[in-house]
Amino acid sequence: MDELYIRKVLEGDQEAFRYFLKNYKDMAFNVAVSIVKDNYYAEEVVQDAFMKAFKGLKSFNRTAKFKTWFYRIVINEAFQRLRKIKRERVSFVPAEEIIGLEHTTLFELPEEEQKHMIGEALNMLPPKESLVLTLFYLEEYSLADICNITGWSLSNTKVILHRARVNMRLMFGSTLKTSH
């Protein structure tokens, strides 16, 4: 389906680009916010990424997947924005202090609260760790797909994913169960 709309846009039908906006805006926002840690900046990143994709569509390699190519644009834009705003990384504080778990385990809470707390924890992680967790668990990409999207080697991706899991466990302490 992407190919059809790519062709339409390249033939001059600018309205056809709305297909990409509709189908990729949520995914792009999730990836961007996992890196820049701020909704406002994430929205700017997504807008910039869509503009770059629109302008660069002529040079898009049609043998590749649009989704992978676009993810790469979003990630590059997000890291570029992150460098511009020079955010300071938050040091790790026990999750109980930040999100009020106290003696309650994460899985005893209502689903909405679980999602909120996991989102808060993702915001505390370094950008690469947050990104890899978002792609692996929330977007359900394989390690190979993550390598294609990010441009990282397989070993680097595995290391970042491992660190992210460890840091997530540290933040939630004993409230998280290990699945492996």
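Refer to the structure printed above.
Residues numbered from 1 in each chain as written. Predicted model: local features only at pLDDT ≥ 70, side-chain atom pairs only at ≥ 80, totals over all residues. Heavy atoms only, no water.

Some remarks on the packing of aromatic side chains
The final tally for this structure, using the stated rule, is 17 aromatic pairs. Relative to Tyr19, the ring of Tyr5 has its centre 4.1 Å away and its plane inclined at 5°; by these criteria the two rings are stacked. Of this pair, Tyr5 sits in helix α1 (residues 2-10) while Tyr19 sits in helix α2 (residues 18-36), and the two are 14 residues apart along the sequence. With a centroid separation of 4.8 Å and an interplanar angle of 50°, the aromatic rings of Phe60 and Trp69 are classed as tilted. Judged by its relative accessible area of 21%, Trp69 falls in the partly exposed class. (Phe/Tyr/Trp six-rings, centres within 6.5 Å; stacked < 30°, edge-to-face > 60°. Helix = DSSP H or I, 4+ residues; strand = E, 2+ residues; numbered from the N terminus. Buried < 20%, exposed > 50% of the residue type's maximum accessible area, 1.4 Å probe, protein only.)

Considerations on the layout of surface pockets
As a volume, the second largest pocket reaches approximately 270 Å³. If you go around the second largest pocket, you meet 14 residues; those closest to its centre are Asn30, Val33, Gly119, Leu122 and Leu138. For the lining of the second largest pocket, the elements supplying multiple residues, two or more each, are α2, α6 (111-124) and α7 (127-138). Looking at the lining of the second largest pocket element by element, the count peaks at 5 residues for α6. Here the residues of the lining of the second largest pocket are counted per class, giving 5 nonpolar, 7 polar and 2 charged. (1 Å grid on protein atoms, 1.4 Å probe; cavity = no way out; pocket = protein on both sides within 12 Å on 5 of 7 lines; lining within 4 Å. Points joined across faces, edges and corners; volume = space filled by probe spheres on them. Nonpolar A, V, L, I, M, F, W, Y, C, P; charged D, E, K, R; others polar.)

A few points about unusual backbone geometry
Here Lys37, not a glycine, exhibits a phi torsion of approximately 65°, which is positive. Here Lys37 lies in the loop between α2 and α3 (39-56). Here Lys37 falls in the buried class, since its relative accessible area comes to 12%. Positive phi is not limited to glycine here, since Glu140 has a value of about 60°. Along the chain, Glu140 turns up in the loop between α7 and α8 (143-150).

Comments concerning helix α9 (residues 154-172)
The α-helix winds at 3.6 residues per turn, so residues separated by three or four positions along the chain end up facing the same way. Look at α9: 27 Å from first C-alpha to last across 19 residues, which is about the 27 Å you get at 1.5 Å a residue. Every buried residue of α9 is listed here: Thr157, Ile160, Leu161, Ala164, Asn167, Met168, Met171 and Phe172. Angularly, the buried residues of α9 cover 130° about the axis, an arc narrow enough to put them on a single face. Facing away from the buried side of α9 by more than 90 degrees, the exposed set consists of Ser155 and Leu170. (Expected span 1.5 Å × (residues − 1). Arc of directions from axis to C-beta.)

Re the pattern of salt bridges
Per the counting criterion, the structure on display carries 5 salt bridges. Across the pair Glu44 and Arg81 runs a salt bridge, and its minimum N-O distance is 2.2 Å. Of this pair, Glu44 sits in helix α3 while Arg81 sits in helix α4 (residues 66-85); the two residues are 37 residues apart in sequence, bridging distant segments of the chain. Note on Glu44: relative accessible area 21%, which makes it partly exposed. Judged by its relative accessible area of 13%, Arg81 falls in the buried class. The salt bridge involving Lys52 is made with Glu77; its shortest N-O contact spans 2.5 Å. Remark: Glu77 occurs in helix α4 and Lys52 occurs in helix α3; sequence separation between them is 25 residues. (Salt bridge = Lys/Arg side-chain N within 4 Å of Asp/Glu carboxyl O.)

Considering the environment of Met27
Structurally, Met27 is set in helix α2. Residues Met27 and Tyr71, spaced 44 residues apart in sequence, show a C-alpha to C-alpha distance of 8.6 Å. Other than its neighbours up to four places away in sequence, Met27 contacts Phe70, Tyr71 and Glu139. (Contact = heavy atoms within 4.5 Å.)

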